[in-house]
Amino acid sequence: MTTTAPTTDSTGTALPEITHWIDGQRVAGTSGRTSPVFDPALGVATKNVALASQDEIDRAIASAKKAFPAWRDMSITKRQQIMFRFRELVNERKDELAQILTAEHGKVVSDSLGEIQRGLEVLELATGFPHLIKGEFSQQVSTGVDVYSTKSPLGVVGIISPFNFPVMVPMWFFPIAIAVGNTVVLKPSEKDPSSSIFLAELFQEAGLPDGVFTVLQGDKLAVDGLLNSPDVASISFVGSTPIAKYIYETAAKNGKRVQALGGAKNHMLVLPDADLELVADSAINAGFGSAGERCMAISVLVAVGDVADKVVPMIKERMAKLVVGDGRRSCDMGPLVTRQHRDKVASYVDIALEDGAEVVVDGREVAVDGEKDGFWFGPTLIDRVPLTSRVYTEEIFGPVLSVVRVDTYEEGVELINSGAFGNGTAIFTNDGGAARRFQNEIEVGMIGINVPIPVPVAYYSFGGFKDSIFGDSKAYGLQGFHFFTREKAITSRWSDPSYGGINLGFPQA
């Protein structure tokens, strides 16, 4: 939602504006365009965020470009000290950051703290960057000739992050990018942009030079500005599949490196020998945590044999105990991020009924611990979902868990592998042979064995297959370090007293 005049409160007073961060300071928007930022639990706008003009886009990129040479040439020791200090500051002030995150996204504070902790894991990995950017050396490859390699930063890199994890997802990318010597322009989601400014201020307090980390608030104009700028060397993105594909195609056409992570429809395959208590608990956690607004949420429980008859009542019983409400209270699940998104998610209940599915728990009827105008939608359980229903085929991105019944393990694997996405999946079984077979046969990038949300730890890499990823590499881990550096190979010969004069041929061993 874009406005040409700032949104006001009930008294007609303009709401506070969330600014850009350029050249180490807050910079007010000058485009005349803003977007309201809502508190989803209250259902009201509490701030406006500036939307960048082309001049502001150019200024942000120019600032990062200007800062690059000095940051690239700063000693590894000094860069590492700044990263360590930034890590300590984020950890010290994570409670404050969690409150900011919850007020704009709506997730419960415990979820916000968990998100920050996962971001800190990548930051902690980044502090060890000296070991991960070492080159190689081969001596005397030919007489008097040595060959060695170095890893160099790319330059200015762009990061475009989604609304669902406004702290964690940017931290998948920028700690590694900055540690190895790049400068960053971050374009956060306009739905929850304040945490990016908070992080920028902590980075400055840690000693980061001006221009190394820039926050550019904006909409599609800012996105296209990063994609089309000849001064931006790479793009990192997380979001929906259609946008990820657009990001990839546009950036690649302009000669940039791209890592564009898209959407998902994640399945949990449950075999008859599984621990059904664990399955029911896991379905609740993976289906409804963060209100289902995460690309690693379990959207489909694939029940083999008679498993569904047993586990669906167990899940329903647990759902009745969940408290939905304001994330700053003692609740299990918060609201959805916007009213429009809430209405879209709710529409899938009608679709399910029209398609002949059984709505076991209807999230539209939820009682909440929160203000009546919040963007509420409760956990929803739908059984016997037809494979032709949009409830099954589309990414809902909300707290909707579908149950699909199959007769055999083979049928379940075929179902998962035939989907357009390949982000995450899980199998629940007590049979080690079945689990080993599953991890070999399944065409998905991140696999859990009795683990419902198999997000890799920071020293592995995050990313899926098929329409869940576009571009050159996965996020963080070793692939992240490879993405944000490029290798130079140097062949060197230094003359010594035995040098024998001109020789136009290739060196001989």
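To be clear, the structure that these remarks concern was listed above.
A quick note: this is a predicted structure, and the numbers were derived from the prediction, not measured. (Residues numbered from 1 in each chain as written. Predicted model: local features only at pLDDT ≥ 70, side-chain atom pairs only at ≥ 80, totals over all residues. Heavy atoms only, no water.)

**Comments concerning the pattern of salt bridges**
- Taken as a whole, this structure holds 30 salt bridges when the rule is applied.
- Note that Arg329 and Asp369 form a salt bridge whose closest N and O atoms lie 2.8 Å from each other. Here Arg329, found in the loop between strand 15 (324–325) and helix 12 (339–354), pairs with Asp369, found in strand 17 (residues 368–369); they are 40 residues apart in sequence, far enough to count as distant.
- Residue classification places Asp369 among the partly exposed positions, given a relative accessible area of 32%.
- Linking Asp383 and Arg405 is a salt bridge whose minimum nitrogen-to-oxygen distance equals 2.7 Å. Of this pair, Asp383 sits in strand 18 (residues 380–383) while Arg405 sits in strand 19 (residues 400–406), and the two are 22 residues apart along the sequence.
- A residue is classified by how much of its surface remains accessible, and Arg405, at 26% relative accessible area, is partly exposed. (Salt bridge = Lys/Arg side-chain N within 4 Å of Asp/Glu carboxyl O. Helix = DSSP H or I, 4+ residues; strand = E, 2+ residues; numbered from the N terminus. Buried < 20%, exposed > 50% of the residue type's maximum accessible area, 1.4 Å probe, protein only.)

**So, empty space enclosed by the protein**
- Counted by the stated rule, this structure contains four cavities of 30 Å³ or more.
- Quantified by volume, the largest cavity comes out at close to 100 Å³.
- Forming the boundary of the largest cavity are 15 residues, of which Gly292, Arg294, Ala297, Ser299 and Phe397 lie nearest the centre.
- Its residues assigned to classes, the lining of the largest cavity shows seven nonpolar, five polar and three charged.
- If you add up the space inside the second largest cavity, you get close to 50 Å³.
- Trp21, Gly24, Ala200, Phe203, Gln204, Leu208, Pro209, Asp210, Gly211 and Phe213 are the residues that line the second largest cavity. (1 Å grid on protein atoms, 1.4 Å probe; cavity = no way out; pocket = protein on both sides within 12 Å on 5 of 7 lines; lining within 4 Å. Points joined across faces, edges and corners; volume = space filled by probe spheres on them. Nonpolar A, V, L, I, M, F, W, Y, C, P; charged D, E, K, R; others polar.)

**Quick word on the packing of helix 14 (residues 409–417) against helix 15 (residues 432–441)**
- In contact at an axis separation of 11 Å, helix 14 and helix 15 are set at 25 degrees when each is read in the N-to-C sense. Here helix 15 runs roughly parallel to helix 14, going by the angle between their axes. You can see that helix 14 and helix 15 cross each other, and the crossing is right-handed. Packed against helix 14, whose contacting residues are Tyr409, Glu410, Val413, Ile416 and Asn417, the element helix 15 presents Ala434, Arg437, Phe438 and Glu441 at the interface.
- Of the residues that constitute the contact of helix 14 with helix 15, the class distribution is five nonpolar, one polar and three charged. (Axes fitted to C-alpha atoms, helices over the stretch in contact; angles between N-to-C directions. Parallel < 35°, antiparallel > 145°, perpendicular 65-115°, else oblique. Left-handed = near helix turned anticlockwise from the far one by under 90°. Contact = heavy atoms within 4.5 Å.)

**Concerning unusual backbone geometry**
- Not every positive phi belongs to a glycine, and Ala291 is a case in point at roughly 55 degrees.
- Tracing the sequence through the fold places Ala291 in the loop between helix 10 (276–288) and strand 14 (298–304).
- Take Ala291: its relative accessible area is 2%, and that puts it in the buried class.

**Structural notes on the pairing of strand 21 (residues 424–428)**
- With five of five residues buried, strand 21 is to be regarded as a mostly interior element.
- Side-chain alternation along strand 21 places Gly424, Ala426 and Phe428 on one buried face and Thr425 and Ile427 on a second face that is also buried.
- Where strand 13 (residues 266–270) meets strand 21, four bridges bridge the pair, whose relative direction is parallel. In the strand pairing of strand 21, Met268 is matched with Ala426.
- Of the strand pairs in this sheet, strand 21 and strand 22 (residues 446–449) are connected by four bridges, and their pairing is parallel. Across the sheet, the residue bridging to Ala426 is Gly448, located in strand 22.
- Crossover handedness for the path strand 21 to helix 15 to strand 22: right-handed. (Pairing = 2+ DSSP bridges. Right-handed = clockwise from strand over helix to strand, strands pointing away.)

**Structural notes on the packing of helix 4 (residues 109–127) against helix 6 (residues 168–179)**
- Where helix 4 meets helix 6, the closest approach of the two axes is 8 Å, and the angle between their N-to-C directions is 15 degrees. Judged by the inter-axis angle, helix 4 sits roughly parallel to helix 6. Crossing of helix 4 over helix 6 shows right-handed handedness. Of helix 6, the residues touching helix 4 (which contributes Glu115, Arg118, Gly119, Leu120, Val122, Leu123, Leu125 and Ala126) are Met168, Met171, Trp172, Pro175, Ile176 and Ala179.

**Structural notes on the nonpolar core**
- In terms of nonpolar packing, the biggest core is built from 66 residues, with Trp172, Phe174, Ile178 and Phe213 touching the most fellow members.
- Sort the elements by how many residues they give to this core and helix 6 lands first, with ten residues.
- Beyond its immediate sequence surroundings of up to four residues, Phe174 is in contact with Phe86, Ile159, Val184, Leu199, Phe203 and Phe213.
- By size, the runner-up hydrophobic cluster in this structure holds 63 residues, among which are Leu269, Phe288, Ile298 and Val304. (Core = buried A, V, L, I, M, F, W, Y, C linked by side-chain atoms within 4.5 Å.)

By themselves, these are just geometric observations and shouldn't be taken as functional.
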